[in-house]
Amino acid sequence: MHKQTLAELSRALSSGAISSVALTEHFLARIQKYDPLLNSLITTTAEQALSQAKMADERRKQGKATALTGIPIVHKDLFCTQGVRTSCASKMLDNFISPYESTVTQKLADAGMVMLGKTNMDEFAMGSTSETSFYGPTKNPWDLEHVPGGSSGGSAAAVAARLAPIATGSDTGGSIRQPASLCGITGLKPTYGRISRFGMIAFASSLDQGGPMAQTAEDAALLLEGMAGFDPKDSTSADLPVPRYSDTLNHDLKGLRIGLPREFFAEGLDAGVASLIQAAVKELEKLGASVKEVTLPSTSLAVPAYYVIAPAEASSNLSRFDGVRFGYRCAQPKDLEDLYKRSRGEGFGAEVKRRIMIGTYALSAGYYDAYYLQAQKVRRLIRQDYDNAFHEVDVLIGPTTPSTGFRLGESARDPLAMYLSDIYTIGVNLAGLPAMSLPAGFINGLPVGLQLIGPHFSEAKLLNIGHQYQTVTDWHRQQPAQFA
Ligand code: GLN
């Protein structure tokens, strides 16, 4: 059963070939057997899953099932889930049982999905390797010595190893696309505002966006239909109808104009990755697309601007963790100041503290204009670059990451190298655009991802291109041998 996509499982459920209870038991058994190798889950919710599965089977009997009803899923552990620990992979929230449910998880539960558990991640989604988790690193199912990427590394590893058919993730600077690329799965970061952020623990609110992490573009389309939509509880949520993404996957690609950003194929890109991306572009040309080079001149400014804006927002968002209302509290504080200092000092890990310090500095009087304001101006330039490119072409294509990623432990020695590895993904968040990563081949047994970037609210087009690409390739069908 685990070899099947969500779409295939959904058909098997509707034909009566399997039940949701059997499916759920199968995946729970896989989690029990394989997760000790991967550490992709922080919490497993077996009991709750089985009772949701029973309800889903019941609902199907009553003729009220949708494509998602009865399908198991794992959620990144920054989506608040009522009555279930929501830790953000931090000691700060190790004891936090959420009193309310995020909009995303609520919508998927309402559709009848079955939550198997909560996935490991970088602490507060800060990182690119899933190594900053309080619960220890997640391993890459393709090579246990490698990181799965991050911050949604647990979700990516769980789907790649088929411990769940599908997962949710979140992307502030690449955290859906980069782990999808490194684990050989399909990940979509929607347009900013497409999916509600209510109940998704905030890292950098003007950049954060939830999205699907799936085996295929078709599965991502089905999950996006369940996740997306206007939410009055999120003031930045877009009040637009949700298209039926799964209905437009089969449009042909004749006349599609693809742009290759010159800056994405410049110095720093691994030669093996470059040739796999070129091969993927050839496939799309065969399907009727035309290709031209375009330029995004501000590309080199994206990482520096992000590392002012994201920490600035994080320093403000994370001020709520003060040891008073919820989360970790130090033992026997002497006074209020000692309570704040020690609770935060002991509750947060090193990377989170680094970001809070950078952000607080960038926002402080005297430096605000020089750093924060300047970074906001750069953000505008980056957005203009993309707008200009989309006057010439329909979508942009390039690599998701410059290489196949780090060995475990490698990035801790050089955080700057880790920051720079997000060079192709971060500009997309600054511009608020949708983008997806698709499996496009392997180098030394490690997956490589192709990135598609489109104009605002072009998810249907990206998913259509992704699906067409996946009808002529089978990279997305490969599974790590150890988890077959
Ligand atoms: N790697 C980037 C960071 O550490 C992006 C993380 C994310 O998208 N959540 O900030």
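Presented here is a report on the structure given in the accompanying data block.

Parameters at a glance
- Residues numbered from 1 in each chain as written.
- Predicted model: local features only at pLDDT ≥ 70, side-chain atom pairs only at ≥ 80, totals over all residues.
- Heavy atoms only, no water.
- Helix = DSSP H or I, 4+ residues; strand = E, 2+ residues; numbered from the N terminus.
- Rg over C-alpha atoms; globule rule 2.2 N^0.38 Å.
- Buried < 20%, exposed > 50% of the residue type's maximum accessible area, 1.4 Å probe, protein only.
- Contact = heavy atoms within 4.5 Å.
- Areas by Shrake-Rupley, 256 points an atom, 1.4 Å probe, with all protein chains shown as cover.
- Salt bridge = Lys/Arg side-chain N within 4 Å of Asp/Glu carboxyl O.
- Core = buried A, V, L, I, M, F, W, Y, C linked by side-chain atoms within 4.5 Å.
- Near = heavy atom within 4 Å.
- Polar contact = N/O pair within 3.5 Å; in protein donor to acceptor, adjacent residues only side chain to side chain.
- Nonpolar A, V, L, I, M, F, W, Y, C, P; charged D, E, K, R; others polar.
- Lys, Arg positive; Asp, Glu negative; His and termini not counted.

## Comments concerning the overall build of the protein chain
Okay, step 1: Looking only at helices and strands, the protein chain has 15 helices and 11 strands in total.
Okay, step 2: In terms of overall dimensions, the protein chain is globule-like: its C-alpha atoms have a radius of gyration of 21 Å, near the 23 Å expected for 484 residues.
Okay, step 3: Each of the three principal axes of the protein chain carries a C-alpha extent, and together these read 65 × 55 × 45 Å.
Okay, step 4: Within the protein chain, buried positions represent 61% of all 484 residues.
Okay, step 5: Sequence-distant contacts, at least 24 apart, represent 76% of the contacts inside the protein chain between residues at least 6 apart.
Okay, step 6: When the accessible surface of the protein chain is split by element, carbon and sulfur atoms take 54% of a total near 17,700 Å².

## A few points about the pattern of salt bridges
Two side chains with opposite charge may pair up if their charged atoms get near one another.
Okay, step 1: Applying the stated criterion to the full structure yields 19 salt bridges.
Okay, step 2: Its salt-bridge partner being Arg244, residue Asp247 comes within 3.5 Å of it at the nearest N-O pair. The pair formed by Asp247 and Arg244 is uniform in burial state, with each residue classed as exposed.
Okay, step 3: Two residues, Arg342 and Glu346, come together in a salt bridge whose shortest N-O distance is 3.5 Å. One end of the pair is Arg342 and the other is Glu346, both in helix α10 (residues 336-347) and four residues apart, which spans about a single turn.
Okay, step 4: Among the charged side chains, a salt-bridge network with shared partners connects Asp338, Arg342 and Glu346.

## Focus: the nonpolar core
The nonpolar side chains of soluble globular proteins are, as a tendency, buried together.
Okay, step 1: In this structure, Phe124 and Tyr386 are the most contacted members of the largest nonpolar core, which totals 139 residues.
Okay, step 2: If one sorts the elements of this core by residue count, helix α9 (residues 299-317) sits on top with nine residues.

## Re the site of the ligand
Okay, step 1: Of all residues adjacent to the ligand, which total 15 residues, the nearest are Gly173, Ser175, Tyr306, Arg355 and Asp422.
Okay, step 2: Separating an oxygen atom of the ligand from a backbone N or O atom of Thr172 is a distance of 2.8 Å.
Okay, step 3: In the environment of the ligand, an oxygen atom lies 2.6 Å from a nitrogen or oxygen atom belonging to the side chain of Tyr306.
Okay, step 4: Contact with the protein chains covers 100% of the free accessible surface of the ligand, which is 290 Å².
Okay, step 5: Residue composition of the shell around the ligand, grouped by class: five nonpolar, seven polar and three charged.

## Re the environment of Lys139
Okay, step 1: Summarising the element assignment, Lys139 is placed in the loop between β3 (114-119) and α5 (153-160).
Okay, step 2: If we ignore the near neighbours within four places in the chain, the residues touching Lys139 are Leu37, Leu38, Leu144, His146, Pro148, Ala157 and Leu408.

## Remarks on the side chain of Lys189
Okay, step 1: Mapped onto the elements, Lys189 comes out in strand β5 (residues 186-189).
Okay, step 2: The charged side chain of Lys189 is buried without a salt bridge, its nearest counter-charge being Asp171 at 6.1 Å.
Okay, step 3: In this structure the side chain of Lys189 is engaged in a polar contact, spanning 2.7 Å, whose partner is the backbone oxygen of Leu433.
Okay, step 4: Beyond its immediate stretch of four places on either side in the chain, Lys189 contacts Asp171, Ile176, Arg177, Gln209, Val428, Asn429, Gly432, Leu433, Pro434 and Ala435.

Keep in mind these numbers describe shape, not what the thing actually does.
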